[in-house]
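Letter by letter, the chains look like this.
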Amino acid sequence: MKPDAGRVLNGVAISLMTKVAPEVRTPFGQQLAGLSAVLLRVVATEFDRMADRLSVENGAVAAILADAAAIVPDTALAERAREAAAANTSPDLRVSTLQGINDRLRAILVDVHAAIEETPGEGARAMEERIWEELRESTRRRHVEARI
Amino acid sequence: MEDRIAAYLAGKLAGAEEVRVSHLYRIPGGASRETWMFKATWREGGERRANEFILRKDPPASLLESNRETEYAYYRAFANSKVPVPAMRWIEHDASHLDGSFFIMDRIGEIESNTRRLQEPAWDAARPNIARHMYEILAAIHAFDWRTPALLEVSEAPEPGECWKRELDTWEAVVDANELSPQPIVRAGIRWLRRNPPPPPPRVTVVHGDYRVGNILYHRDGTIRAVVDWEMAHLGDPIEDLAWGFMKDWEWARDGRKGGIIAERDAIATYEAASGTAVDRDALRWWSVFSNVKAQGIWLTGTKSFQEGRTDELILPMVSYTLINAEDEALLESLGRAG
């Protein structure tokens, strides 16, 4: 659908900044108009990339869990990690569906990370570094330029 | 709202008649409490009187579910001390007056609080003095004798060796209660904090809990006229305040200067000279990591409040979309895992 959602949100943001904010009487109201504009721009960025970000991240975390299952000593946790990795299939591409999968995968990643930290051996250390790299990458995927 | 405030003041100002409220504005910021300023005029003993006030009102939900009684007690405790604070007038728990609990304090005139304005060239001369004063005041906060009934009524004094654990337990519980999605970086930070406890402080002190540029009211002459936002004040390890003020979150000039006004080494030197206490660098590192976890607890609380529809304050989704990830990045750096 054109204009696409990003263009619409950016258009509303520009109107807020250039047409609404100057008409607002109080500093609080002006700040609110400016904040709304920046927020719309951030949401426009997220709208475009969110499904891709979640899909890519779900694949990356699932791969880590599948490999970590062979290293964590706790057999129950290993089984949970294997099952979660195998369940990384989405019936649709709705953001809410992908987010639900992401939440399940990252919850198990927390437990696996904690277990790996306590596990001796080179394999565990290599896996620990791989998890840290994924966590760094997760912040790059979510990075936005706007600051308040 | 003007009439409702005037009606409230009429019951509080002894002998006051014809109380009127005007120039009521909400002050930008104040994400945990609504902050309003207003002018009140009244007749007393045949004379016209006037004063400007600040009203801090509880919102339906916010970044931080804090205790207004505690904040008020700390403001009162520091009145007429070396730590400048606004004069408190009234605290009101009856929500029927203004649709929420609130307290009212005197407004301090001719001051600035804007964090970015302090970076402007017009403030070049005043900025170094403000920075020095800021860390001298922090030393005064930490030297304050907190063994008073008023403060002990709202704050429990931990043993020195327990300061870190009590704060970490508190903020881990905040994360537990408010995360809407798993937080792997915060959880890794919490595990690191528990594995590497800091050395105990030489003594337990008042901790402001949110001591940073943004919560000081400064004047063009280079002095600080008030320290505000005491809602997270407690008794604990003084290094907590230093670490909080050193966070990347508050590097407004984006050049590494803390609060956008002072290099970390200079802030520490000023604080050490004023307090007569050496800053333990291991403790500072621990409290730096802790500060990122605590900040994330605050951002997650605001996110949940907005997501669940308990508030429509737009600052909260802005925090969610920007600060939560920025805090994760900062926490990775504090942990030495930024790559």
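Within each chain, residue numbers correspond to sequence positions counted from 1 in written order. As a convention, the first chain written is A and the first ligand written is 1, with the rest following in written order. A pLDDT threshold of at least 70 governs which residues receive local features in this predicted model, and a stricter bar of 80 or more applies before side-chain atom pairs are shown or counted, although totals over entire chains, interfaces and linings include all residues. Values reported for side chains reflect all heavy atoms of the structure, with hydrogen atoms and water molecules removed beforehand.

Student: Got a minute to help me understand the packing of helix α2 (residues 27–68) of chain A against helix α10 (residues 315–334) of chain B in this structure?
Tutor: Two measures define how a pair of helices packs: the angle their axes make with one another and the distance between the axes. Interaxial angles span 0 to 180 degrees and are taken between N-to-C directions of axes, which are lines fitted to C-alpha atoms, for helices over the stretch in contact. A run of H or I in DSSP becomes a helix once it reaches four residues, and a run of E becomes a strand once it reaches two; helices and strands are each numbered from the N terminus. Here α2 of chain A crosses α10 of chain B at 40°, and the two axes come no closer than 10 Å. Here α2 of chain A is positioned oblique relative to α10 of chain B, judged by the angle of their axes. Regarding α2 of chain A and α10 of chain B, the two cross each other, and that crossing is left-handed. Every residue of α10 of chain B that contacts α2 of chain A at L35, V38, L39, V42, V43 and E46 of chain A is listed here: I315, P317, M318 and Y321 of chain B. Three classes are used, and their members are as follows: Ala, Val, Leu, Ile, Met, Phe, Trp, Tyr, Cys and Pro are nonpolar, Asp, Glu, Lys and Arg are charged, and the others, Gly among them, are polar. In terms of residue class, the contact of α2 of chain A with α10 of chain B is made up of nine nonpolar, no polar and one charged. The cut-offs work like this: below 35 degrees is roughly parallel, past 145 is roughly antiparallel, 65 to 115 is roughly perpendicular, and the gaps in between are oblique. Take the far helix as your reference; a near helix turned counterclockwise from it by less than a right angle gives a left-handed crossing, and one turned clockwise gives a right-handed crossing. We call two residues in contact whenever any of their non-hydrogen atoms come within 4.5 Å of each other.

Student: I tried to follow the domain arrangement of chain B on my own but got confused; where do I start?
Tutor: Interface size is commonly expressed as the accessible surface area that is lost when the partners come together. Residues and elements named next belong to chain B. Start and end positions for the domains come from either an automated domain assignment or a database one. On domain assignment, one finds that chain B holds domain 1 (2–106) and domain 2 (117–334). A straight line from the C-alpha centre of domain 1 to that of domain 2 covers 26 Å. Interface of domain 1 and domain 2: buried area, both sides summed, is about 2300 Å²; carbon and sulfur atoms make up 68% of it. Throughout this description, the term salt bridge denotes a Lys or Arg side-chain nitrogen within 4 Å of a carboxyl oxygen of Asp or Glu. Inspection of the region where domain 1 meets domain 2 yields three salt bridges. With its nearest N and O atoms 3.0 Å apart, the salt bridge here joins R56 to D229. Here a polar contact is taken to be a pair of N or O atoms separated by no more than 3.5 Å, where protein atoms must pair a possible hydrogen donor with a possible acceptor and residues adjacent in sequence count only if both atoms sit in side chains. The interface formed by domain 1 and domain 2 holds seven residue pairs in polar contact (both at pLDDT 80 or more) in total. Residues of the side of domain 1 that touches domain 2, tallied by class, amount to 14 nonpolar, five polar and eight charged. Buried area is a sum: the accessible area each of two parts loses on coming together, probed at 1.4 Å, counted once for each and added.

Student: How should I be thinking about the packing of aromatic side chains in this particular structure?
Tutor: Working definition: an aromatic ring pair is given by the centre-to-centre distance plus the angle between the planes. All names here are of chain B. Aromatic rings from Phe, Tyr and Trp, taking only the six-membered ring of Trp, are treated as a pair when their centres fall within 6.5 Å; an angle between ring planes under 30 degrees marks them as stacked, one over 60 as edge-to-face, and anything in between as tilted. For the coordinates displayed, the defined rule picks out 17 aromatic pairs over all chains. With a centroid separation of 5.1 Å and 80° between ring planes, the pair formed by W287 and F290 is classed as edge-to-face. Note that W287 and F290 are positioned in helix α9 (residues 281–307) at a spacing of three residues, about one turn of the helix. Classification of F290 by relative accessible area gives buried; the value is 0%. Taken together, the ring pairs in this structure connect Y72, Y74, Y75, F78, F103, F144 and W230 into an aromatic cluster. Consider the ring centre and the ring normal. A charge sits over the ring if Lys NZ or Arg CZ is within 6 Å of that centre and within 35 degrees of that normal. Seen from the ring of W146, R147 lies directly overhead, with NZ or CZ sitting 4.1 Å from the centre. The ring of W250 has R212 sitting right over it, with the charged end atom 4.3 Å from the ring centre. Remark: exposure states derive from per-residue accessible area (1.4 Å probe, protein chains only) relative to the maximum for the residue type, with buried under 20%, exposed over 50%, and partly exposed in between.

Student: Explanation requested: the nonpolar core in the structure shown.
Tutor: Note that soluble globular proteins tend to have their nonpolar side chains buried in a common cluster. L65 and V112 of chain A together with V206 and W230 of chain B are the most contacted members of the largest nonpolar core, which has 108 residues in total. Sort the elements by how many residues they give to this core and α9 of chain B lands first, with 11 residues. When residues are assigned to domains, this core turns out to be shared by domain 1 (2–106) and domain 2 (117–334) of chain B, each giving three or more. In this text, buried Ala, Val, Leu, Ile, Met, Phe, Trp, Tyr and Cys residues form a nonpolar core when linked through side-chain atoms within 4.5 Å. I5, Y8, V21 and I104 of chain B belong to the second-largest nonpolar core, a separate cluster that totals 19 residues.

Student: For this particular structure, what's the right way to read the pairing of strand β8 (residues 224–227) of chain B?
Tutor: Remark: a regular strand shows side chains that alternate across the two faces of the sheet. Residues and elements named next belong to chain B. Pairing between strands is defined by DSSP: at least two bridges between the two strands are required. Taken together, the three bridges between strand β7 (residues 216–218) and β8 define a ladder with antiparallel strand orientation. Looking across to β8, one finds that Y218 is bridged to I224. The antiparallel hairpin formed by β7 and β8 contains five residues in its connecting segment, where G222 sits at a positive phi of about 90°.

Student: Explain the environment of F28 of chain A to me, please; I cannot follow it from the model alone.
Tutor: Tracing the backbone shows F28 of chain A in helix α2. Of the residues examined, F28 of chain A reaches a relative accessible area of 17% and is grouped as buried. C-alpha of F28 of chain A to C-alpha of L40 of chain A: the two residues are 12 residues apart in sequence and 18 Å apart in space. Ignoring any residue separated from it by four or fewer positions in sequence, one finds F28 of chain A in contact with R26, I27 and P28 of chain B.

Student: I keep staring at the pattern of salt bridges and nothing clicks. Help me out?
Tutor: Charged atoms that come close allow side chains of opposite charge to pair. Evaluation of the coordinates by the stated rule reveals 51 salt bridges over all chains. A salt bridge links E134 of chain A to R141 of chain A; its shortest N-O distance comes to 2.9 Å. Exposure class is identical for E134 of chain A and R141 of chain A. Each is buried. With a shortest N-O distance of 2.8 Å, D210 of chain B and R212 of chain B are connected by a salt bridge. For R212 of chain B, a relative accessible area of 16% corresponds to the buried category.

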